[in-house]
Amino acid sequence: MTVAESDSNSGTLAVDVRKASLIYNPHEAPVHALSDIDLAIRPGEFVSLIGPSGCGKTTLLRVIADLEHITSGEVLVNGVSPQDARLARAYGYVFQAPGLFPWRTVLGNVKLPLQIHGRSAAECDAIAREQLTRVGLTGFESKYPWQLSGGMQQRVSIARALSFEPRILMMDEPFGALDEITRDRLNEQLQQLWQRERRTVVFVTHSIAEAVYLSSRIVVMSPRPGRIVKVIASPLPDERTLDMRDSAAFVNVAHEVREALAHGHDE
Ligand code: ADP
Ligand code: MG
């Protein structure tokens, strides 16, 4: 089945992980990073992976993105292997550090993957400008990364991840290094972007508030070997505002996540 075919099949899961385990260095000093992970993500869901440092969140994201390979089990992305999905540019990946090239302008950074892919100069330019508009950076095209705040740099890296219009956006603690006020603002913008475009988002965080604010489902993981302790479906409406964080519903979900994290630790 080609990606285009699986695309038209509305029943296809965006991500389907079954009984997946991953052991790093199995022969010398084995590290059991993931154990028996089962996770199905439907197209258009916003799913957060939350858990203590070292529990395998990045590993699981990298497995889905074909940057790491499982030792046993099965992983499908849009109904095909992670490798085929990667080759079809099914996902964009945002790392914790923006990873921008200092000698390229903002526009030049967003264009880069398109240029590498061999798109025409006019197309690279048009797409990069369009993506920068979507993350609210119109007017900053000719700036250099070091002329921008950390939050703006991370928005550039989001624009770059969106350049191929991926249906899946993977984000690994993208706002972890930012101050709380900037983080709030970017959370709000990401929430609005998700509402407008309904891409599937797989988001790694260790902030309970961030996970609850952004997600339609929250996957709580336990310390190594990373297992899924609990999956919490959010009762909050899709459209969210930051002041909802004071609502009883929000506080209840946050409490449920905290309990699951503590439970994962005790096991
Ligand atoms: P998290 O993102 O939840 O903090 P990681 O997925 O980065 O966790 O790591 C899970 C575990 O696997 C950690 O114990 C980490 O030290 C280990 N690990 C990660 N990458 C490698 C690697 N390339 N080789 C060996 N061990 C690794
Ligand atoms: Mg990590």
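Each value, and the rule that gives it
- Residues numbered from 1 in each chain as written.
- Chains lettered and ligands numbered in written order.
- Predicted model: local features only at pLDDT ≥ 70, side-chain atom pairs only at ≥ 80, totals over all residues.
- Heavy atoms only, no water.
- Pairing = 2+ DSSP bridges.
- Helix = DSSP H or I, 4+ residues; strand = E, 2+ residues; numbered from the N terminus.
- Axes fitted to C-alpha atoms, helices over the stretch in contact; angles between N-to-C directions.
- Contact = heavy atoms within 4.5 Å.
- Near = heavy atom within 4 Å.
- Polar contact = N/O pair within 3.5 Å; in protein donor to acceptor, adjacent residues only side chain to side chain.
- Areas by Shrake-Rupley, 256 points an atom, 1.4 Å probe, with all protein chains shown as cover.
- Expected span 1.5 Å × (residues − 1).
- Buried < 20%, exposed > 50% of the residue type's maximum accessible area, 1.4 Å probe, protein only.
- Parallel < 35°, antiparallel > 145°, perpendicular 65-115°, else oblique.
- Left-handed = near helix turned anticlockwise from the far one by under 90°.
- 1 Å grid on protein atoms, 1.4 Å probe; cavity = no way out; pocket = protein on both sides within 12 Å on 5 of 7 lines; lining within 4 Å.
- Points joined across faces, edges and corners; volume = space filled by probe spheres on them.
- Nonpolar A, V, L, I, M, F, W, Y, C, P; charged D, E, K, R; others polar.

J.: Describe in detail the sheet that holds strand β4 (residues 72-77), supporting the description with residues and values.
T.: Taken together, 3 strands build an open sheet; the order of strands is β2-β1-β4 and the sheet is antiparallel. Two strands lie at the open edges of the sheet, namely β2 (31-41) and β4, each paired on one side alone. Across the sheet, the mean angle separating the axes of adjacent strands is 25° when strand polarity is ignored. Here strand β1 (residues 15-24) pairs with β2 via 7 bridges, running antiparallel. Considered in β2, the bridge of I23 is made with H32. Packing against the sheet, helix α2 (residues 57-64) makes contact with β1, β2 and β4, and its axis sits at approximately 60° to β2.

J.: Tell me about the site of ligand 1, and please be specific about residues and values.
T.: In the vicinity of ligand 1, 13 residues are found, and the nearest of them are G54, K57, T58, T59 and R224. Here an oxygen atom of ligand 1 and a backbone polar atom of G56 are 3.0 Å apart. At 2.5 Å, a side-chain N or O of T59 approaches an oxygen atom of ligand 1. Protein contact buries 66% of the 560 Å² of open area that ligand 1 shows by itself.

J.: Give me the lowdown on helix α6 (residues 150-161), citing residues and values where you can.
T.: Owing to its 3.6 residues per turn, the α-helix aligns residues three or four sequence positions apart on the same side. Under the 1.5 Å per step criterion, the end-to-end length of α6 is 17 Å for 12 residues, consistent within 8% with the ideal 16 Å. When α6 is considered as a whole, its buried residues turn out to be G151, M152, Q154, R155, V156, S157, I158, A159, R160 and A161. The elements touched by buried residues of α6 are β5 (91-94), α4 (106-116), α5 (121-134), β6 (168-172) and α7 (180-197).

J.: Provide a residue-level description of the packing of α4 against α5, including the pertinent values.
T.: Running from N to C, α4 and α5 cross one another at 125°; their axes reach a closest spacing of 9 Å. Looking at the two axes, α4 sits oblique to α5. Handedness of the crossing formed by α4 with α5: right-handed. The segment α4 lies against α5, with V106, L107, V110, K111, L114 and Q115 engaging C124, D125, I127, A128, R129, Q131 and L132.

J.: Tell me what's going on with the layout of surface pockets, and back it up with residues and numbers.
T.: Reported here for the largest pocket is a volume of approximately 510 Å³. When contributions to the lining of the largest pocket are tallied by element, the ones reaching two or more residues are β5, α4 and α6. Considered class by class, the residues forming the lining of the largest pocket number 11 nonpolar, 4 polar and 3 charged.

J.: Which residues make up the environment of N109, and what are the values?
T.: Tracing the chain through its elements places N109 in helix α4. Under the relative-accessibility criterion, N109 is labelled buried at 1%. Between the C-alpha atoms of N109 and L87, which are 22 residues apart in sequence, the distance is 21 Å. Beyond its immediate chain neighbours, meaning those up to four positions away, N109 contacts L100, F101, R104, P145, V156 and R160.

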